[in-house]
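Examination of the molecular architecture
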Amino acid sequence: MKAEEALNRVNTCSAPSQLRITDIRFTDIVGAPFHSTLVKVFTNQDLVGLGEVRDLSSRTYAAMLKGRLLGEDPCHVDRIFRRIKQFGGHGRQGGGVSGIEVALWDLAGKAYGVPIYQMLGGRFRDRVRLYCDTDAARRPDGRSMGQALRERLAQGYTFLKMDTGAWQLLGRPGMLSAPLGLLEQFRQGPPAPQGSVDEKWAAFERRNRRYDLQNVPHPFTGMHFTEAGLDWLDAYVAEVRAEIGDEVPLAVDHLGHVAVEDAIRLARRLEKYHLAWLEDPVPWQYTDQYVRLQQSTAVPICTGEDMYLKESFRPLLERGGVSVIHPDVLTAGGILETKKIGDLAQEHGVAMAIHMAESPVACLAAAHVATATENVLALEFHAAGVSWWDDIVVGHDKPLVRDGHVAVSDRPGLGIDDFSDEVLREHLHPAHKELWAPTEQWDSEWAHDRTWS
Ligand SMILES: [Mg+2]
């Protein structure tokens, strides 16, 4: 090849070594399927990186990083992430650093003209299997849930998940044992605060008491299944299996805040339905309880969607507490960290499913990881009923989901050009009514962030 010919093939749309972050802005939407905070990282070369904060989180977790990122070359993703990861945490707190990390990968890919999966090491698969989640609202019995799942099968999904657990038994006498009065609190919310003179403060107090109630760890609720409760849940899953047949994988989530002994009793009952996994039966922090549960039943045990960074997964994997790990890219620490978590799990003979309940940006970020990681079972899809879901982004072939799978393209970065402001404008979050509003208030946010001396 002549030198001149070779020069003509060099991507001149960007000069990566001179690329610098100049701005970070946000738009919040609802309904895709929950509250999503969408992120744009702007640069001095007209390249824009797209990211997203974890579902039902807060843009503040990402915005507070702006003053620490301005002027950086976004292509050095790992170095930047190691500096900002101290500002992430478990659950929604991981959403800020993870969402920014995704946008940095998108920029690096766009700067060098390479898809993200290729930068992670290349393909293990041409398309990623989705598992379609279906919640139990308005599906009061196993038959109606089974019919909903049959519709998923008709749409082409090849792997299913449903919710079932203690909360379905709350209004059914004799099915749960708990300190008297507690079940009423769960059903109706905590009692209204007494003596509050200001309705605004009363509303805050109600919200906080609700949070406290819902965040009592499982062993401390004192709630247990009765035999009648176990019979009801057993029959529920039997009815679902009668509708969908025995062959399609079926995972179960949202067991409720019952103790590990109750998870063991239920898991043993459900072994005959050959579940794909039982998800988050106890808080992930209780490694010993996971080991006990895993050794007490043949149902595969799964957790991970609220865990931040690879090191959180290590004790569960080394002790044999799970058969499936289930990180969310937007909590775990982003694209590279999730790939590392998958590879660590593989060393222990554990499969990875990926949690995802956000927009196409999160879906494609997870799909790039799943394309480039060997032990992936399936990626969650939670928006099967949202007709405008893939209209949120432009530049990718539609529909994004085909025959229950999603495929990443060979286009640079995530593989999409931009968000569709026209679509976003129709679904704005009521508390954030402006698209991509200026964020100068975060420009000077900085602290002496060292974590040792
Ligand atoms: Mg879950």
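Residues numbered from 1 in each chain as written. Predicted model: local features only at pLDDT ≥ 70, side-chain atom pairs only at ≥ 80, totals over all residues. Heavy atoms only, no water.

Assigned secondary structure in the chain consists of 17 helices and 17 strands. Over its C-alpha trace the chain gives a radius of gyration of 23 Å, about what one expects of a compact globule, namely 22 Å for 453 residues. Going through the 453 residues of the chain one by one, you find that 57% of them count as buried. Considering only intrachain contacts with a sequence separation of at least 6, the fraction spanning at least 24 residues in the chain is 74%. About 19,600 Å² of surface is accessible on the chain, with carbon and sulfur atoms providing 50% of the total. (Helix = DSSP H or I, 4+ residues; strand = E, 2+ residues; numbered from the N terminus. Rg over C-alpha atoms; globule rule 2.2 N^0.38 Å. Buried < 20%, exposed > 50% of the residue type's maximum accessible area, 1.4 Å probe, protein only. Contact = heavy atoms within 4.5 Å. Areas by Shrake-Rupley, 256 points an atom, 1.4 Å probe, with all protein chains shown as cover.)

Of all seven residues in strand 4 (residues 128-134), six are buried, a share of seventy percent or more. Here strand 4 runs beside strand 16 (residues 405-406); their pairing, made up of two bridges, is antiparallel. Among the inter-strand pairings, valine 128 is bridged to a residue of strand 16, identified as valine 406. Note: strand 4 against strand 13 (residues 376-381), three bridges, orientation parallel. When the bridges of strand 13 are listed, cysteine 132 appears paired with phenylalanine 381. In this region the chain leaves strand 4, passes through helix 7 (residues 142-154) and returns to the parallel neighbour strand 5 (residues 160-163); the handedness of that crossover is right-handed. (Pairing = 2+ DSSP bridges. Right-handed = clockwise from strand over helix to strand, strands pointing away.)

This part takes up the coordination of the magnesium ion. A four-donor tetrahedral metal ideally has 109.5 degree angles, and a six-donor octahedral metal ideally has angles of 90 or 180 degrees. For the magnesium ion, every protein donor is listed as Asp253 (OD), Glu279 (OE) and Glu305 (OE), and the spread of their distances is 2.0 to 2.2 Å. Here the donor residues of the magnesium ion share one chain and are spaced in sequence as D-x25-E-x25-E. Of this pair, aspartate 253 sits in strand 8 (residues 250-253) while glutamate 305 sits in the loop between strand 10 (301-303) and helix 13 (310-319), and the two are 52 residues apart along the sequence. Across the pair, exposure class does not vary: aspartate 253 and glutamate 305 are buried alike. (Donors = N, O, S within 2.8 Å, 3.2 Å for Na, K, Ca; no water.)

Attention now moves to the pattern of salt bridges. Enumeration according to the criterion identifies 37 salt bridges in this entry. Arginine 123 is the partner of aspartate 410 in a salt bridge, and the nearest nitrogen-oxygen pair spans 3.6 Å. Of this pair, aspartate 410 sits in the loop between strand 16 and strand 17 (418-419) while arginine 123 sits in the loop between helix 6 (116-119) and strand 4, placing them 287 residues apart in sequence. Connected via shared salt-bridge partners are Arg54, Asp55, Arg92, Glu305, Asp306, Asp328 and Glu358. (Salt bridge = Lys/Arg side-chain N within 4 Å of Asp/Glu carboxyl O.)

Attention now moves to the environment of valine 350. Take valine 350: it is sitting in the loop between helix 15 (335-347) and strand 12 (351-354). For valine 350, a relative accessible area of 6% puts it in the buried group. Taking the C-alpha atoms as reference points, valine 350 and serine 323, separated by 27 residues in sequence, lie 5.3 Å from one another.

Given 3.6 residues to a turn, an α-helix orients residues that are three or four positions apart in the same direction. All buried positions along helix 12 (residues 287-294) are accounted for by Thr287, Tyr290, Val291, Leu293 and Gln294. One side of helix 12 carries all its buried residues, which in axial view fall inside an arc of 165°. Buried-residue contacts for helix 12 involve helix 11 (260-270), strand 10 and helix 13. (Arc of directions from axis to C-beta.)

Purely geometric stuff here, so don't read any function into it on its own.
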